[in-house]
Amino acid sequence: MKQRNFLHRALSLMLAALLILSLTGSASAEVSSNSPYANLGLDLSEHRDILMYVISDRPAAMDEVLEIVNRDYMEPWLNTTLSIEFLPWGVASTKYPLLLQGGESFDLIYTAAWMGYSGHAQNGAFLELISEFLQKYLPFSYNDQPSTAWDQASISGKIYGVPRSAAEFNTYNMLLIRQDLLEKYGIQTLSNWDDTIEAFKVLAANEGPNGMYVIAQRAYDEMLYPWWQKNNISYLTSGYNFIFNNHDSDELPAAEDLQFMYLTDEFYQYCEQMAELAALNVWSPNVLNDQTDVSVQFESGRTAALIWNSSINPCGANMEANGIGTYAIYDITPDAKASRGSYADGMMSIPATCKDPERAMLALDLMRAFPEVNRLLLGGIEGRHWILREDGYREIGPEAEAYPWGGWAWGLNRYDDPKLYNEDARQLFFESTCEKKEIQPKSAGFTFDPSNVETEISVVQSIVDEYSSSLTLGLFGDELPQKYEEFVNQLYAAGIDSIMNELRQQYQAYCNK
């Protein structure tokens, strides 16, 4: 009898446990009736964890923001929990390709033309995204995408990444500099490239002994952009270093005018100037090994200047807020035209190792389609990290330093992101200046199909990787002529002529449409 009662009790407990488990599982498998995804015929019955990789330093308030995104949106709307891993700038160039090659299973990753999108896609790192898949699993954001954006993300007619729906002036660069130091040494204004170079020399001679470098160059060298601006040179398509002289016009260049940037006289002249600045210690001779982000170096007073796109705005404000000095922003190529960058300069891809591409794409749709979610990720918590004004502009919030707007989510930008309002005219200078001289090049829709010259491109890129940083940072010094000649000879031996011939044929076909 005792044994029978014991078995009966054990069975009852087991059934109760199973009932509780089934109820718990059922609850976790349901999406809220208020979910916009609830009645779209999607299978959201199983909970999914989505892991996304992005490039930047992790904001201090990221965990708090992500908790809100998951609690209020991802979990009730999609039965999904989002995690975000950051690859800091100092290590991104090495860790990013290793991540894609390592076989780790994850779900979304930031990519861009300038991050080697085309090469990674051709190497099988990203899933191909066919039109039917995109339309089904981007139900709320697909139609927001300009057709040009899909064209710019296309490789041989195939799509491997979802581009952002906003194009920015991300390839036009200006100078952010310590105005208090300019005044200290009697430098009145910086109205062009030559003024800037002379100012750099003065600052290096006078502040270098105090332990300050003038500027912290990146290995891919932001100073090169204003040099191209000065010389009226534009990139034809992102990711390949094809350039042309735009003659201050939006008209299509002739096919024969397309060049590989490293083989131009202008590039060599640039390298000569960089070698001169490097010899004067305008930047650290250890620049290639310094993993500290250039913006952090400026904001902390380690450097006196920073050349970049609109990202210079918060850097200047933060440096001044830190009580280090005052800043000014200068357009050092005032006669140059400005054009918006490619939509493909910021994308999100699904890696080939992803186990649930459908849920990954739905999570991306949620992050892009709904302003309340998108702005949480772009700028943090409204009222603390940013403030939305009645006129639709945004202001910097009291805790903005813990979550700077646009600090990492470049693959999520929307066309209707609120613009920054600031009574400080310096903070509005970049955008307003670019808008006044904006052109929309007719070549913007052209994309290059590398399939016929994949081998040549791979070899050329390895040569560029070997030489380019030392060339653009002036690290070869007096050996520049010999090293540049070596570089050029290797490019020709690797088949750069074949690549350029293929480019010109494709471009001519584009022009003939």
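Residues numbered from 1 in each chain as written. Predicted model: local features only at pLDDT ≥ 70, side-chain atom pairs only at ≥ 80, totals over all residues. Heavy atoms only, no water.

Colleague: Just give me the short version of the overall build of the protein, but keep the residues and values in it.
Modeller: The helix and strand inventory of the protein stands at 18 helices and 16 strands. Here the C-alpha radius of gyration of the protein, 26 Å, is about what a compact globule of 513 residues would show, namely 24 Å. Out of the 513 residues belonging to the protein, those deemed buried represent 50%. Taken as a whole, the protein presents about 23,400 Å² of accessible surface, with 48% of it coming from carbon and sulfur. One way to put it: in the protein the 34 positive side-chain charges average out to a point 8 Å from where the 70 negative ones average out. (Helix = DSSP H or I, 4+ residues; strand = E, 2+ residues; numbered from the N terminus. Rg over C-alpha atoms; globule rule 2.2 N^0.38 Å. Buried < 20%, exposed > 50% of the residue type's maximum accessible area, 1.4 Å probe, protein only. Areas by Shrake-Rupley, 256 points an atom, 1.4 Å probe, with all protein chains shown as cover. Lys, Arg positive; Asp, Glu negative; His and termini not counted. Charge placed at Lys NZ, Arg CZ, Asp CG, Glu CD.)

Colleague: If you had to explain the packing of helix α2 (residues 62–78) against helix α13 (residues 357–369) to someone new, which residues and values would you point to?
Modeller: Packed helix pairs are characterised by how far apart their axes lie and by the angle those axes make with each other. The interhelical angle for the contact between α2 and α13, taken along N-to-C directions, is 140°, at an axis separation of 11 Å. When the axis of α2 is compared with that of α13, the two are oblique. Where α2 crosses over α13, the handedness of that crossing is right-handed. On α13, the residues that touch Tyr73, Met74, Trp77 and Leu78 of α2 are Arg359, Leu362, Ala363, Leu366 and Met367. Class assignment of the residues belonging to the contact of α2 with α13 gives a composition of eight nonpolar, no polar and one charged. (Axes fitted to C-alpha atoms, helices over the stretch in contact; angles between N-to-C directions. Parallel < 35°, antiparallel > 145°, perpendicular 65-115°, else oblique. Left-handed = near helix turned anticlockwise from the far one by under 90°. Contact = heavy atoms within 4.5 Å. Nonpolar A, V, L, I, M, F, W, Y, C, P; charged D, E, K, R; others polar.)

Colleague: Lay out the sheet that holds strand β7 (residues 174–178) with the relevant residues and their values.
Modeller: Here four strands make up an open sheet; going across it, the order is β8-β12-β7-β13 and the pairing mixed. In the strand order of this sheet, the two ends are held by β8 (213–215) and β13 (327–330), each with one partner. Averaged over all pairs of adjacent strands, the angle between their axes in this sheet comes to 15°, without regard to strand direction. Pairing of β7 with strand β12 (residues 303–308) involves four bridges; the strand directions are antiparallel. Note on β12: the bridge partner recorded for leucine 175 is isoleucine 307. (Pairing = 2+ DSSP bridges.)

Colleague: Any details on the pairing of strand β2 (residues 80–87)? Residues and values, ideally.
Modeller: Among the eight residues of β2, six are classified as buried, and the element is accordingly described as predominantly covered. Relative to β2, strand β1 (residues 48–55) runs parallel, the two sharing eight bridges. Among the inter-strand pairings, methionine 52 is bridged to a residue of β2, identified as isoleucine 84. For the crossover that starts at β1, traverses α2 and ends in the parallel β2, the hand is right-handed. (Right-handed = clockwise from strand over helix to strand, strands pointing away.)

Colleague: So what about the sheet that holds strand β9 (residues 233–235)? Which residues, and what values?
Modeller: Taken in spatial order, the three strands of this open sheet run β9-β10-β11, and their pairing is antiparallel. Strand pairing shows two members of the sheet lacking a second neighbour, β9 and β11 (259–260), which therefore form its edges.

Colleague: Tell me what's going on with the side chain of aspartate 345, and back it up with residues and numbers.
Modeller: Relative to the helices and strands, aspartate 345 resides in the loop between β13 and β14 (347–349). Side chain to side chain, aspartate 345 and asparagine 170 meet in a polar contact 3.0 Å long. Each residue touching aspartate 345, except ones within four places of it in the same chain, is listed here: Tyr110, Ala112, Ala113, Trp114, Arg164, Asn170, Thr171 and Ser238. (Polar contact = N/O pair within 3.5 Å; in protein donor to acceptor, adjacent residues only side chain to side chain.)

Colleague: I'd like to hear about the packing of helix α16 (residues 454–472) against helix α17 (residues 480–494), residue by residue, with values.
Modeller: Closest axis-to-axis distance for the α16/α17 pair is 9 Å, and the angle between their directions is 170°. Our classification of the angle between α16 and α17 gives roughly antiparallel. Residue-level inspection shows Glu456, Val459, Val460, Ile463, Val464, Glu466, Tyr467 and Leu471 of α16 in contact with α17, the latter providing Leu480, Lys483, Tyr484, Glu486, Phe487, Gln490, Leu491 and Ala494. Considered class by class, the residues forming the contact of α16 with α17 number eleven nonpolar, one polar and four charged.

Colleague: Any details on the state of the cysteines? Residues and values, ideally.
Modeller: Applying the stated criterion across every chain, the model contains zero disulfides. The closest cysteine sulfur to the non-disulfide-bonded cysteine 315 is located on cysteine 434, 16 Å from its own sulfur. Classification of cysteine 315 as buried rests on a relative accessible area of 4%. (Disulfide = S-S within 2.5 Å.)

Colleague: Requested: an account of the pattern of salt bridges, with residues and values cited.
Modeller: Tallied over the entire structure, the rule returns 21 salt bridges. Aspartate 331 is the partner of lysine 437 in a salt bridge, and the nearest nitrogen-oxygen pair spans 2.6 Å. In this pair, lysine 437 sits in the loop between α15 (425–436) and α16 while aspartate 331 sits in the loop between β13 and β14, placing the two residues 106 residues apart along the sequence. Its relative accessible area of 11% is what places lysine 437 among the buried residues. Residue classification places aspartate 331 among the buried residues on the basis of a relative accessible area of 9%. One salt bridge connects lysine 419 with glutamate 435, and the closest N-O pair in it is separated by 3.0 Å. One end of the pair, lysine 419, is in the loop between β16 (394–396) and α15; the other, glutamate 435, is in helix α15, and 16 residues separate them in sequence. Lysine 419 sits in the partly exposed class, given a relative accessible area of 44%. The partly exposed category is assigned to glutamate 435, whose relative accessible area is 34%. Among the charged side chains, a network of salt bridges with common partners joins Glu46, Arg48 and Asp356. (Salt bridge = Lys/Arg side-chain N within 4 Å of Asp/Glu carboxyl O.)

Colleague: Account for the nonpolar core, with residues named and values stated.
Modeller: One finds Ile84, Met361 and Trp408 to be the most contacted residues of the largest nonpolar core, which totals 75 residues. Those residues within four positions of isoleucine 84 in sequence are excluded, and the remaining contacts are Met52, Val54, Arg58, Met62, Leu66, Leu377 and Trp408. Met223, Trp227, Ile233 and Trp283 belong to the second-largest nonpolar core, a separate cluster that totals 67 residues. (Core = buried A, V, L, I, M, F, W, Y, C linked by side-chain atoms within 4.5 Å.)

Colleague: Which residues make up the pairing of strand β10 (residues 242–245), and what are the values?
Modeller: In terms of strand pairing, β9 meets β10 through three bridges, oriented antiparallel. Bridge pairing links isoleucine 233 to asparagine 245 in β10. Following β9, the chain reverses through six residues before pairing antiparallel with β10; glycine 239 in that reversal takes a positive phi of roughly 100°. Bridging between β10 and β11 involves two bridges; their strand directions are antiparallel. Paired with phenylalanine 242 across the bridge in β11 is phenylalanine 260.

Colleague: Go over the environment of phenylalanine 86, please, and point to the residues and values.
Modeller: Its location among the elements puts phenylalanine 86 in strand β2. What makes phenylalanine 86 buried here is its relative accessible area of 11%. A C-alpha to C-alpha distance of 6.4 Å links phenylalanine 86 and aspartate 57, two positions 29 residues apart in sequence. Apart from the residues within four sequence positions on either side, phenylalanine 86 is in contact with Val54, Ser56, Asp57, Arg58, Pro59, Met62 and Trp408.

Colleague: Residue-level account of the confidence of the model for the protein, with values.
Modeller: In this model, the protein carries a mean pLDDT of 90, and residues with pLDDT of at least 70 account for 94%. Below a pLDDT of 50 lies the segment residues 1–28, which in the model reaches one contact outside its immediate sequence neighbourhood of four places, other chains included. (pLDDT = per-residue confidence, 0-100.)

Colleague: Tell me about a negative patch on the surface, and name the residues and values.
Modeller: On the surface, a cluster of negative charge is contributed by Glu466, Asp478, Glu479, Glu485 and Glu486. Examined against the element boundaries, glutamate 486 turns out to sit in helix α17. (Patch = residues over 30% accessible without salt bridge, like charges linked within 9 Å, V, L, I, M, F, W, Y side chains within 5 Å.)

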